[in-house]
Each structure stands twice: as C-alpha cells, then as structure tokens.
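The lines below spell out each chain.
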Amino acid sequence: DNSSRFGKFIKLHFTNDGELTHASIEHYLLEKSRVTSQEQGEQGYHAFYYLLAAAAARSGGATLAPLWDKLQLGPATEFKALQKSDIRPTEFVAGFDEAQVAMTTLLGGDDTSRRDGFWLSTGGLLHFGRISFKQQSVDDEAAEIDSQSNSSLMHAAQLWGVS
C-alpha cells in the first residue's frame, strides 16, 4: 500500500476561546529522494517504468509516435534512477495504458496536451537524472556539469520547455 512513503500533517483550528472549530489534513511525499536514487533492489516510481515500457513497445501506435520521438528514451539501465531496481519495465505496458485512461478521464477527455505534458515532464526527470557533476578543483567545493552530461541536460530542458 506504500503508506510509509506518505505523511500527513494535521492542522487544528481553534476559536479565540480555545474551542476546536475544524481540522485540515495535508498529504505529502516523504521520499522525494526516490526520484533520483534507490537502495539496491528497491524500485523507483511506477510512472518511470510505465513510460519506459510504453516507449519501448511504441504503445499507442501512430497516435503517440510524436511523444516517443520527443522523449528519446532508451532502456531502464541507461537511467541512474532505475539502475538499482530488479524490475524490468516491460512488465509495465498495461500500467501505462491504465494511466492514460485515468488521466484522460480526470483531465477531461480529448485534450491530450496536459496528459502528454505529464509524460514529457516525467521523461525530463529521467534525462535530468543522467547528469553527472565534477569538482572544479581539489580545494574548491564548487562543481560543474560534466561535459559528457550536456546532451542529457539539454534534452531535459527541451522536454520541460526551458531554453
């Protein structure tokens, strides 16, 4: 049920006399670090696997071909965020299809731009996670992007619409 990955913040509201008037609950993600790395054998977010599986299978035929062309995704082993997992994304094609149906329903039907925007953002996270840094000098704490990571940086920026 993954409940350990989420937290709840309960805010209690009182009158000036100290009477409880109402409460509100905020849900938040505890494991934000799982976007970039996991322990050996742990899996990342299902959306990463859904996307890679569907891209590898070219799911959606001609309708989604432009999305796959923009994403330029390879196998899971190319992405640092997924390298420690024992899961193979090919098991997740059905999950992608189910997520597509759910997003189409929730986002209001025929407008695919928001749904595709979600997948482009997710693909950007995968590409961004491939970026490596190198220390500028032995005595300096500053780091710079390794020149071998420039294509990953540029591709993530492109997917996010950042120039």
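Residues numbered from 1 in each chain as written. Predicted model: local features only at pLDDT ≥ 70, side-chain atom pairs only at ≥ 80, totals over all residues. Heavy atoms only, no water.

Chemist: Tell me about the overall build of the protein, and please be specific about residues and values.
Modeler: Looking only at helices and strands, the protein has five helices and four strands in total. Scanning the protein from its N terminus toward the C terminus, one meets helices and strands in the order β-β-α-α-α-α-β-β-α. Every one of the 163 residues in the protein was classed for burial, and the buried ones make up 31%. Within the protein, contacts between residues at least 6 apart in sequence are counted, and of these 53% link residues at least 24 apart. (Helix = DSSP H or I, 4+ residues; strand = E, 2+ residues; numbered from the N terminus. Buried < 20%, exposed > 50% of the residue type's maximum accessible area, 1.4 Å probe, protein only. Contact = heavy atoms within 4.5 Å.)

Chemist: I'd love a proper account of the nonpolar core, names of residues and values included.
Modeler: Leu51, Trp68, Leu71, Leu73, Leu82, Trp119 and Leu126 are the most contacted members of the largest nonpolar core, which totals 26 residues. By residue number, the principal contributor to this core is helix H1 (residues 46–57), which donates eight residues. Ignoring any residue separated from it by four or fewer positions in sequence, one finds Leu126 in contact with Phe48, Leu51, Leu52, Leu73, Phe79 and Leu82. (Core = buried A, V, L, I, M, F, W, Y, C linked by side-chain atoms within 4.5 Å.)

Chemist: Give a detailed account of helix H3 (residues 93–107), specifying residues and quantitative values.
Modeler: Helix length check: H3, at 15 residues, gives a terminal C-alpha distance of 21 Å against a target of 21 Å (1.5 Å per residue), a fit within 8%. Restricting attention to buried positions, one finds in H3 the residues Gly95, Phe96, Ala99, Gln100 and Met103. Buried residues of H3, viewed axially, fall in a sector of 140°; they line one side. The outward face of H3, more than 90 degrees from its buried face, is lined by the exposed residues Glu98, Val101 and Thr105. Buried residues in H3 make contact with H1, helix H2 (61–71) and helix H4 (113–128). Gly108 sits one or two positions beyond H3 and adopts a positive phi of about 95°. (Expected span 1.5 Å × (residues − 1). Arc of directions from axis to C-beta.)

Chemist: An account of empty space enclosed by the protein is needed here, citing residue identities and associated values.
Modeler: Where empty space is left can be seen by rolling a probe of water-molecule size over the atoms. A complete count under the given rule lists one cavity of 30 Å³ or more for this structure. In this structure, the largest cavity encloses a volume near 30 Å³. For the largest cavity, the full set of lining residues is Met103, Thr104, Leu107, Gly108, Gly109, Asp111, Thr112 and Arg115. If you tally residues by element for the lining of the largest cavity, the top one is H3, at three residues. (1 Å grid on protein atoms, 1.4 Å probe; cavity = no way out; pocket = protein on both sides within 12 Å on 5 of 7 lines; lining within 4 Å. Points joined across faces, edges and corners; volume = space filled by probe spheres on them.)

Chemist: Can you explain unusual backbone geometry? Please cite residues and give values.
Modeler: For Arg58, which is not a glycine, the phi torsion comes out positive at approximately 50°. Turning to its location among the elements, Arg58 is positioned in the loop between H1 and H2. Backbone geometry places Gln72, a non-glycine residue, at a positive phi of 50°. Mapped onto the fold, Gln72 is located in the loop between H2 and H3.

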